[in-house]
Every structure is written in structure tokens, then in C-alpha cells.
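# A structural walkthrough
The lines below spell out each chain.
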Amino acid sequence: MMQITENKPSTAMVRRVVVASVLGNAFEWFDFAIYGLFAVTIAKLYFPAGDEAASLLLTLATFGVGFAARPIGGIFLGIYGDRVGRKQALSLTIALMATGTAMIGLLPTYAAIGIAAPVLMVLARLLQGLSCGGEFSGATTMLAEFSPRHLRGFFGSFQMCSQALAFSVGAFVAYLLSVNLSPADLESWGWRLPFLFGILIGPVGWLIRSSVDESPEFAAYARSARPATNTPVRDVFRNHPRALLSGFCVVVVGTVSAYVFIFFLPIFAKKQFGLAPSDVNLSTFASTAVLLLLCPLAGYLSDRFGRRSVILPGMLCYAIATFFLFQQFVENPSFSSLLAAQVGAAVFMSFFWGPSPIILTEMFPVGVRSTGAAIAYNVAVLIFGGLAPAINAWLVQKSGSNLAPVFYVEASVLIGLVGAFALPQASRAAPGTVAASA
């Protein structure tokens, strides 16, 4: 095992990296997430079908298509980051996301160009998926490798804060549009505004990320001349199977929580129970604001008491609370019961969301860190997250029970618990170091 010596970054550079990672990642996730927030409108404009349920299912399936591309993007951009550098990989993700978002914002409807409209919408989602596939591992790795070793959980949690910030801003924008525009204006042009705003990710993201240095750990690793001969994918599967499995399982519970309570439940509340879009968007905004506030606390606690000591009770409390809160919402659908379900879930989600980025990165050595985190994260999100809205809509339709989604949530918790117990030893206790050798 080869020791790698790295130069300690300045405090100013660490702050710059945090800002670059959080804002750049927030732009990425804002662009990716607003599709879900406007799914009902997009269904009518791009996926006309014999009935509204079929149209919405097609739209949600296209939402999931973006996730099909994420493992591919994660692997290739992860390899790129492990070979060329974290900074260049993150710049490439920005360009891909800006292109996909611009396509959605400017794309003519089915009524204007026919079948080309849904085909191009799928292509745009694929480009967004490729970008997001590399964004999580790239931004998280950058944060981890710049942060002080005793505060890596705290700094890593800003990755999840940036996602919560993106979801929160997206929900707030959707709320403002829904209360200030007529349904006809919202459907005609209003829904496009967030996507057109999201194109700013290109120039703004590039300016932000061009101002930071390369990761000191990767720079030290690159000086060893090993990136050129590195085979990250083979190394991850051959030498780090336990880390890969554990990371995958921890991500499952986190991604299901996001795509059920932040994406599916708002659509469900509007379509199944007829709640006002403004109320639904306001509730979603409140829940994501809770995540934004509590994730850093959870990350800090994981630095003090160990990763597993924080995520285990978080998962268990989340499983119990969400079952009863979801049931109450189904039995008495209203703004207050939706708010209780989303905010209550968010409180406990924070305690496995916050530590999860550093869990994924600290289990892998620097030479395969970006690739390992990308594979574990994106495969889990593809299988259990991206298709969650469509699967849950189908479960409700086929079972005839509005409670069906909560059982999907409970199953994800069981998988997450397996991952928590399987964490490598370094991630169980409060860590003092992160492997820096390949």
C-alpha cells in the first residue's frame, strides 16, 4: 500500500470548494428535479394518450429514463475523474446538464411536431441523466478530499444540502408560478421558465468551478503516475465488493425516500386526491427546507459518534413515522396531513441523508473513489429511485390501494439496514482518516 503525501489546502480554498460544489450541484439537481414538479403539465403536452393515467405513466417513465443513463454517466465520468481529475470531470457534467435542460425548455410540443416531441424529450432526459450520474460522485469526492479529516461528515453533508436546496427552490418556483399564473398560462408557457432559468448552469457553473484547485489528494495521487495505469471499474468490483454492497444499500433507502416523498407524493396528492397545486408545492418546499437545515447536523453527529450510530436510528424512526403519517394522509387527505407526512419524513430522512455522501466516499481509496461512489450511488438510484414514481403509480392502479407506496418505502428501509450493518469498520466508528492510497 503506497502512502500519498498531499498539500493541505488553505481555508479560503476549502470555502471556495464548498461554494463551488454546493452551488454547482444545486444547479444540476434543480435542472434534473423540475421535470418531476411539472410532470402533470408535461404529460398533457408531450405524451397525449387515451386517458390521463396512461399519459402520466408515460411521463413518469420518461422521468425514470434519465436514471437509466445515470450508471453509464457515473461510470464514464467516474473513470474520467479518477484518471484526469475531479475538476475537469465536474466541468463536463455542467455542459451535459445545460444542454439537456435547454432542450426541455425550448422543445415544441406534441401538437406542434408530433412524435418527435416525446422522442426529443427522452433524449433530453438521457443527457440530464448522464450528467447527474457523474455529478454526485464528483462533487462529493471533491468535498471529501478538501475537507478537514475530523469534519468530513459535516462537509460531505453539504452535498445533500445542495440537493435539498435544489428541490426547495424548485418547489418554491413551482408554487410561485401556480399562484401567479392562470392554468392556461402555466400550461402554455409558464412551466418553461424554470427550465430556461436552469440553462444558466452552463456559464455560471463553469465560472464557479473554474476558480477552484484540483483536489489535493488526487493531485498527490496523480504525481505518483498511477492514474494512467489505473483500472477503476475492475478494481472496485475485485477489491471493494463489501464497500460497493454497503454503499448501494444505504443509497437505496435514501433515494426511495426522495423519490416517494419529494416527487411521487406531490403528484399523487394532486392527481389522486385533488389537492391544489399551490398547497402541494408549498408543502414540498417546507419539507425540503427541513432537509436543508438538518443534514449538516446529521453529518456533524456522524463525525462525533460514527456513521452507523447516526444512520441506524434515523432509518428505524423514519420507517415507523412514515408508515403512520402516510396512512393518516391517505385516510384524511388535506394540506395539513400532506405537510405532516412530508415534513415528518424529512426530519428522519436527514439522519441518513446527511452522512451518506461521506459513507460512499470514505470506503474507497483515492484511485477508485469517484468510480466506486458513482457505481454504488447510480445503480441504486436507477433500480429503486428513478422508477419509483412510475412504479408506485402502477402499484396504486393495480392494487386499488392508496397505501401501496408506503410498503415500497418500508422495503427500502430493510435494504438500508443491511447496508448499515455491512459498513466497513472504518465507517462504523467516528473516523479519523480516509484512505488515501490505491
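Described below are features of the structure shown in this document.

On to the overall build of the chain. The helix and strand tally for the chain stands at 22 helices and zero strands. Here the chain holds 438 residues, and the buried ones make up 58% of them. Residue pairs at least 24 apart in sequence account for 87% of intrachain contacts in the chain once pairs closer than 6 positions are excluded. When the accessible surface of the chain is totalled, it reaches about 15,700 Å², and 69% of it is carbon and sulfur.

Core analysis: the biggest nonpolar cluster contains 98 residues, and Phe38, Ile42, Tyr46, Tyr318 and Trp353 have the highest contact counts within it. Tallying contributions element by element places helix H14 (residues 241-273) first for this core, with 19 residues. Other than its neighbours up to four places away in sequence, Phe38 contacts Ala174, Leu177, Leu186, Trp191 and Pro194. Membership of the second largest hydrophobic core comes to eight residues, among which are Ala20, Met142, Phe146 and Val212.

So, about the packing of aromatic side chains. Under the counting rule described, the total for this entry stands at 17 aromatic pairs. Taking 5.7 Å as the distance between ring centres and 85 degrees as the angle between the ring planes, the aromatic pair formed by Phe154 and Phe155 counts as edge-to-face. Residue classification places Phe154 among the partly exposed residues on the basis of a relative accessible area of 26%. The class for Phe155 is buried, based on a relative accessible area of 13%. Measuring from centroid to centroid gives 5.0 Å for Phe264 and Phe268, while their planes differ by 25 degrees, and the two rings are stacked. In this pair, Phe264 and Phe268 are both assigned in helix H14, four residues apart and thus about one turn of the helix distant. Here the two residues Phe264 and Phe268 agree in accessibility, since each one is buried. Here the aromatic cluster, defined as three or more aromatic residues joined through ring pairs, consists of Phe261, Phe264, Phe268, Phe273, Tyr318, Phe326, Phe329 and Phe352.

Tallied over the full model, the rule gives two salt bridges. A salt bridge links Arg307 to Asp303; the nearest nitrogen and oxygen atoms lie 3.0 Å apart. The exposure classification of Arg307 matches that of Asp303, with both residues buried. The salt bridge involving Glu362 is made with Arg307; its shortest N-O contact spans 3.0 Å. With Glu362 in helix H18 (residues 356-362) and Arg307 in helix H16 (residues 307-331), this residue pair connects regions lying 55 residues apart in the sequence. Comparing Glu362 with Arg307 shows no difference in burial state: the two are buried. Taken together, the shared-partner salt bridges connect Asp303, Arg307 and Glu362 into one network.

Reading guide: rules and limits
For every chain, the first residue of the written sequence is number 1, and numbering continues from 1 along that sequence. Only residues with pLDDT of at least 70 get local features here, since the model is predicted, and only at 80 or more are side-chain atom pairs given and counted; chain-wide, interface and lining totals rely on the full set of residues. Side-chain calculation: all heavy atoms of the structure are included, whereas hydrogens and water are not. Secondary structure is summarised from DSSP: a helix means a run of H or I of at least four residues, a strand means a run of E of at least two, and numbering begins at the N terminus for each. Here the term buried applies to any residue with accessible area under 20% of the maximum for its type, exposed to any over 50%, and partly exposed to those in between, with areas from a 1.4 Å probe on protein chains only. The contact rule is simple, with two residues in contact once any of their heavy atoms fall within 4.5 Å. Computed with the Shrake-Rupley method and a 1.4 Å probe, the accessible areas treat only the protein chains shown as cover for residues. In this description, a nonpolar core means a group of buried Ala, Val, Leu, Ile, Met, Phe, Trp, Tyr and Cys residues linked to one another through side-chain atoms lying within 4.5 Å. Classification of ring pairs rests on two measures: the distance between centres of Phe, Tyr or Trp rings, Trp counted by its six-membered ring, which must be within 6.5 Å, and the angle between planes, read as stacked under 30 degrees, edge-to-face over 60 and tilted in between. What makes a salt bridge here is a side-chain nitrogen of Lys or Arg within 4 Å of a carboxyl oxygen of Asp or Glu, nothing more.

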